[in-house]
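What follows is the residue order along each chain.
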Number of protein chains: 2
Amino acid sequence: MIEDSLPPLSSEFQVPYRYTVQFTKGIFQLTNTSLQNFLISERKEGIIKKALVVLDEGLTLHYPNLIAEIKKYFQGLSSIVQLTGDIMVIPGGEECKNNPKLWESLVNAVDTYGIDRHSYIIAIGGGAILDLVGYVAAVSHRGIRLVRIPTTVLSQNDSGVGVKNSINHQGKKNFLGTFAPPVAVFNDLLFLESLDDRDWRSGMAEAIKVSLIKDRDFFLWIESNADILKSRNLEKMSYLIHRCAELHIHHIANGDPFESGSSRPLDFGHWAGHKLEYLTEFSLRHGEAVAIGMALDTVYSYQKNFLPEEDRNRILLLLKKLGFVIYHPELSANEKENLYLGLQEFREHLGGMLTIVLLAGIGKPWEVHEIDPKILAQSVDFLETYV
Amino acid sequence: MIEDSLPPLSSEFQVPYRYTVQFTKGIFQLTNTSLQNFLISERKEGIIKKALVVLDEGLTLHYPNLIAEIKKYFQGLSSIVQLTGDIMVIPGGEECKNNPKLWESLVNAVDTYGIDRHSYIIAIGGGAILDLVGYVAAVSHRGIRLVRIPTTVLSQNDSGVGVKNSINHQGKKNFLGTFAPPVAVFNDLLFLESLDDRDWRSGMAEAIKVSLIKDRDFFLWIESNADILKSRNLEKMSYLIHRCAELHIHHIANGDPFESGSSRPLDFGHWAGHKLEYLTEFSLRHGEAVAIGMALDTVYSYQKNFLPEEDRNRILLLLKKLGFVIYHPELSANEKENLYLGLQEFREHLGGMLTIVLLAGIGKPWEVHEIDPKILAQSVDFLETYV
């Protein structure tokens, strides 16, 4: 037989990725060299690269001069990088990920302006815009160099420094997407001043999450700075973002960056959080839903005798101190069956075995592969009446 | 300043990939264990994985029992893998990559059948189907495990064993796509019997190409087997495919798998080939266009005094002996300006500096960064009159 004489061929290789997250203030001020230095470091003799800038509409309302500032900033770089066409201003928020026409208009801009694989797409905005633009960059010409400039607490400490992108498809959150690291991320802390109180607070949920599963000292720091964080101190918030981003990045680089396994240890509080976002038709911010999800899994961890009562109380107290609401009526809706369905959906999105991260202590994650519906229901009841 | 106290964070990691290309005959015969062994090797205790099979319509016409055979094959595996829904039969050929509705119907099937990240999508067909289905698999849930069963010479020795996928967008070939390695490839040599003579021959162009830039001995082997290859000897063709795939895979694993640089050393003959495909509105097969492109770059290499005359003659003779036509009137159309435009488009798709692979000998690639339009025109004229 022919096949006996044709041995199998094995293909085995590693693809290296490297990017830096820089922290700055006023990135488009002419005296600010962060972005400039990065672009110069990538300069290639004799080539002027192109850059397509996509900007969150909300920012242009808060900073009426921003577009002019960006253009002026790039004028000084015109021997290295050239802005193509006009800056694209698009509406942010989850809704932008539901709109296939918006996605297509961005892909068409890549085509129209001749953005090639060595050009840049520079996305400036919150997590939803970064997700959408990141997906466009990832699939156009099989990958255009993406620079992210996250402008919210949540995107600066979590999604914007990671390796994922996505859009929603027919009502399914993040159904389409890829793993595609950016070439650089710039966290401009001044943009945080544009946030309303809900978004300022909401983004802290991921910092609490990562402290609970990875870093007890960080939890203690958040605890002792809760009041000043709530009162919008930018310096403390900058540290919170930096440490959260650091833990997030460390987890990606030392774990399973493109999630080939079934476990997602970073997803503490997220299974119920995701479900709540849907049940409330996204009237809850992601961080608000995750805060409730963490409260639920914290109480469940206690009820299952994994987590000491003292730790449970400290976690719930910190959430409340920062201004999070830790219960939502949708948790109890339809005799809690809706909530329980969320577990199944969570497993399906990842595939493989159900894996839920709970807590054995502050800073001590504890993986389980099943959830007891009775104890879950008791945990919901506990939260409903917790003051 | 705050930023002084917040050092940049560096993210650096490698993502490992590994897959095997197996050679077999009659992969869905019940006695054939190739696919079965692979699926068993990936088995996870207590989980029945799902598989969505997508099949090239042309194959069902040539093998009326194929669908029934596939279903029967999977019946025997039902404790490990379950076929979901019905086998999806879609039209093959380049046209399937132009149809956004077809893409969407496949994505919707992933949703409807609950295909998760640990399920399989199994694509059976020629290069276009593998490209399309591969793209669906790559972006659904950020990547579903893709098994490729290429059924043409071209897909078995080249595209189907590599790491790319794509669809066309608004008339731009491969505008959308990703780099996403499959989890396994099975080259079923019996499927080659379904090819017409054009497709049988056309796929050999990539083997000649890879021999010219990487392996003189392989060129000599093709040369000495040209007649028997042309007369459709399956055993010789199987060797040709195996060696070509081996060189291709070796190049990917030891080079720049996801093409982060500007050079594409595997693209000998392709810049003009791509342009010709467009100029002829895809009436030329990819391999036929590449054969002409190789002839052109061979003559150009000779005219520039890189390549000995003897080598030029041997290359042109081999192409003709296998039945390739090595000139097309579109090369000369519009005073050769159209052709020259192809160079610019080739550079744009890759970005960065123009890099064209020429030849300094058989098995000796030679990179240049500019093409002399006058010598290019002379090379076209030479081919036009070459007998």
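As the structure is a prediction and not an experimental result, all values here were calculated from the model.

Draft legend 1. Main features of the overall build of chain A. The number of helices and strands found in chain A is 17 helices and 11 strands. For 387 residues, the compact-globule estimate of 2.2 N^0.38 gives 21 Å, and chain A sits close to it at 22 Å. Within chain A, buried positions represent 58% of all 387 residues. Within chain A, one finds 38 positive and 48 negative side-chain charges whose respective centroids are separated by 4 Å.

Draft legend 2. Quick peek at the relation of the copies chain A and chain B. For the match of chain A to chain B, the screw axis carries a shift of 0.0 Å, the RMSD comes to 0.0 Å, and the turn is 180 degrees. Taken together, the rotation and translation describe the operation of a two-fold axis. Among all C-alpha atoms of chain A, that of V15(A) lies closest to the rotation axis, at 2.6 Å. The overlap is high: 99% of the interface residues of chain A also sit at the interface in chain B, so the same surface is used on both sides.

Draft legend 3. Quick peek at the pattern of salt bridges. All names here are of chain A. By the definition in use, this model includes 44 salt bridges over all chains. Here R285 ties to D199 by a salt bridge, and the two come within 2.6 Å at their closest N and O atoms. With a gap of 86 residues between them, R285 in the loop between α13 (270-279) and α14 (286-303) and D199 in helix α8 (residues 197-202) connect regions that are remote in the sequence. For R285, a relative accessible area of 26% puts it in the partly exposed group. Note on D199: relative accessible area 24%, which makes it partly exposed. Salt bridges sharing partners connect three or more residues here, namely E94, K173 and E277.

Draft legend 4. View of the nonpolar core. Core analysis: the biggest nonpolar cluster contains 159 residues, and I208(B), I222(B) and L240(B) have the highest contact counts within it. When neighbours within four sequence positions are excluded, I208(B) is seen to be in contact with F219(B), I222(B), M294(B), L318(B), L319(B), L322(B) and F324(B). Ranked by size, the runner-up nonpolar core spans 56 residues in total, among them L130(A), L132(A), I167(A) and L176(A).

Draft legend 5. Looking closely at helix α13 (residues 270-279) of chain B. All names here are of chain B. Across the 10 residues that make up α13, a large majority, seven, are buried. Restricting attention to buried positions, one finds in α13 the residues H270, W271, A272, G273, K275, L276 and E277. Count one or two residues on from α13 and you reach E281, which has phi positive near 50 degrees.

Draft legend 6. Representation of the interface of chain A and chain B in the model. Each partner contributes to the interface: chain A provides 78 residues, whereas chain B provides 77 residues. In this structure, the connection of chain A to chain B is made through six salt bridges. The salt bridge partner of E12(B) is R18(A), with a shortest N-O separation of 3.4 Å. The interface formed by chain A and chain B holds 25 residue pairs in polar contact (both at pLDDT 80 or more) in total. In terms of residue count, strand β1 (residues 9-24) of chain A provides more of the side of chain A that touches chain B than any other element does, 16 residues in total. Split into classes, the residues belonging to the side of chain A that touches chain B amount to 35 nonpolar, 25 polar and 18 charged. For β1(A) and strand β1 (residues 9-24) of chain B, the ladder comprises 13 bridges, and the chain directions are antiparallel.

Draft legend 7. Structural context of empty space enclosed by the protein. All names here are of chain B. Here the structure, examined in full by the defined rule, presents one cavity of 30 Å³ or more. As for the largest cavity, its lining consists of R264, D267, F268, G269, W271, D297, F346, T355, I356 and V357. Of the residues contributing to the lining of the largest cavity, the split by class is five nonpolar, two polar and three charged.

Draft legend 8. Representation of the UniProt feature "domain: 3-dehydroquinate synthase N-terminal" (unreviewed entry) in chain A within the structure. Within this numbering scheme, the UniProt entry marks residues 88-201 of chain A as carrying the feature "domain: 3-dehydroquinate synthase N-terminal" (unreviewed entry). The span residues 88-201 of chain A is 32% helix and 25% strand, and its two end C-alpha atoms sit 28 Å from each other.

Draft legend 9. Just the packing of aromatic side chains, in detail. All told, the structure shown has 32 aromatic pairs over all chains when counted by the stated rule. A centroid spacing of 6.4 Å and a plane angle of 80 degrees characterise the contact between F218(A) and Y239(A), whose relative ring orientation is edge-to-face. In this pair, F218(A) sits in helix α10 (residues 216-224) while Y239(A) sits in helix α12 (residues 234-254), placing the two residues 21 residues apart along the sequence. Here F218(A) falls in the buried class, since its relative accessible area comes to 2%. For Y239(A), a relative accessible area of 35% gives the class partly exposed. Plain terms: the ring middles of Y73(B) and F74(B) are 6.0 Å apart, the flat faces sit at 75 degrees to each other, and that makes the pair edge-to-face. Overall, the relative accessible area of 4% leaves Y73(B) in the buried class. Taking the relative accessible area as the measure of exposure, F74(B) reaches 3% and is therefore buried.

Draft legend 10. Up close: the domain arrangement of chain A. Residues and elements named next belong to chain A. The domains assigned to chain A are domain 1 (20-195) and domain 2 (200-385). Spacing between the C-alpha centres of domain 1 and domain 2 amounts to 29 Å. Listed by partner, the interface residues are 25 residues for domain 1 and 27 residues for domain 2. Taken as a group, N157, K173 and F179 account for 26% of the area that domain 1 buries against domain 2, more than any other trio of residues on that side. Between E259 and K164 there is a salt bridge whose closest N-O contact spans 2.9 Å. Scanning the region where domain 1 abuts domain 2 turns up seven residue pairs in polar contact (both at pLDDT 80 or more). Secondary-structure elements contributing two or more residues to the side of domain 1 that touches domain 2 are β1, α7 (153-157) and β8 (172-176). The element best represented in the side of domain 1 that touches domain 2 is α7, accounting for four residues.

Draft legend 11. Main features of the environment of C244(B). Residue and element names in this part refer to chain B. Turning to its location among the elements, C244 is positioned in helix α12 (residues 234-254). Relative accessible area serves as the criterion here: at 1%, C244 is assigned to the buried category. When the C-alpha positions of C244 and V133 are compared, they lie 23 Å apart, and in sequence the two are 111 residues distant. If we ignore the near neighbours within four places in the chain, the residues touching C244 are N157, E206, A207, V210 and F218.

Draft legend 12. Structural context of the side chain of R312(B). All names here are of chain B. With respect to the helices, strands and loops of the structure, R312 is situated in helix α15 (residues 309-321). Judged by its relative accessible area of 6%, R312 falls in the buried class. For R312, the contacting residues outside a window of four places in its chain are T298, V299, Y302, L307 and F382.

Draft legend 13. Structural view of the environment of L354(A). Residue and element names in this part refer to chain A. In this structure, L354 sits in the loop between α16 (337-350) and β10 (356-361). With 285 residues separating them in the primary sequence, L354 and E69 have C-alpha atoms 49 Å apart. Once you skip the residues sitting within four places of it in the chain, L354 turns out to touch L343, R347, V368, H369 and E370.

Draft legend 14. Molecular detail of unusual backbone geometry. Positive phi is not limited to glycine here, since R142(A) has a value of about 60 degrees. Positionally, R142(A) belongs in the loop between α6 (127-139) and β6 (145-150). A relative accessible area of 9% means that R142(A) is categorised as buried. With a phi angle near 55 degrees, E335(B) is a residue other than glycine that sits in the positive phi range.

Draft legend 15. Summary view of the packing of helix α9 (residues 204-214) of chain A against α14(A). All names here are of chain A. Between α9 and α14, the least distance of the axes is 8 Å, while the angle of their chain directions is 35 degrees. Between α9 and α14, the residues in contact are A205, E206, I208, K209 and L212 and H286, G287, V290, A291 and M294, respectively. Of the residues in the contact of α9 with α14, the class split is six nonpolar, two polar and two charged.

Draft legend 16. Quick peek at the packing of α9(A) against α12(A). All names here are of chain A. Relative orientation of the contacting elements α9 and α12 amounts to 55 degrees, with a least axis distance of 9 Å. It follows that α9 is oblique to α12 by the angle criterion. Here α9 runs over α12; the crossing is left-handed. Contacts between α9 and α12 involve M204, E206, A207, V210 and K214 from the first element and M237, L240, C244, L247 and H251 from the second. When its residues are assigned to classes, the contact of α9 with α12 shows seven nonpolar, one polar and two charged.

Thresholds applied
Residues numbered from 1 in each chain as written. Chains lettered and ligands numbered in written order. Predicted model: local features only at pLDDT ≥ 70, side-chain atom pairs only at ≥ 80, totals over all residues. Heavy atoms only, no water. Helix = DSSP H or I, 4+ residues; strand = E, 2+ residues; numbered from the N terminus. Rg over C-alpha atoms; globule rule 2.2 N^0.38 Å. Buried < 20%, exposed > 50% of the residue type's maximum accessible area, 1.4 Å probe, protein only. Lys, Arg positive; Asp, Glu negative; His and termini not counted. Charge placed at Lys NZ, Arg CZ, Asp CG, Glu CD. Least-squares fit on C-alpha atoms with pLDDT ≥ 70 in both. Contact = heavy atoms within 4.5 Å. Salt bridge = Lys/Arg side-chain N within 4 Å of Asp/Glu carboxyl O. Core = buried A, V, L, I, M, F, W, Y, C linked by side-chain atoms within 4.5 Å. Polar contact = N/O pair within 3.5 Å; in protein donor to acceptor, adjacent residues only side chain to side chain. Nonpolar A, V, L, I, M, F, W, Y, C, P; charged D, E, K, R; others polar. Pairing = 2+ DSSP bridges. 1 Å grid on protein atoms, 1.4 Å probe; cavity = no way out; pocket = protein on both sides within 12 Å on 5 of 7 lines; lining within 4 Å. Points joined across faces, edges and corners; volume = space filled by probe spheres on them. UniProt positions renumbered as here; feature names shortened; annotations may be inferred. Phe/Tyr/Trp six-rings, centres within 6.5 Å; stacked < 30°, edge-to-face > 60°. Domains from an automatic or database assignment. Buried area = accessible area lost by both parts, 1.4 Å probe. Axes fitted to C-alpha atoms, helices over the stretch in contact; angles between N-to-C directions. Parallel < 35°, antiparallel > 145°, perpendicular 65-115°, else oblique. Left-handed = near helix turned anticlockwise from the far one by under 90°.

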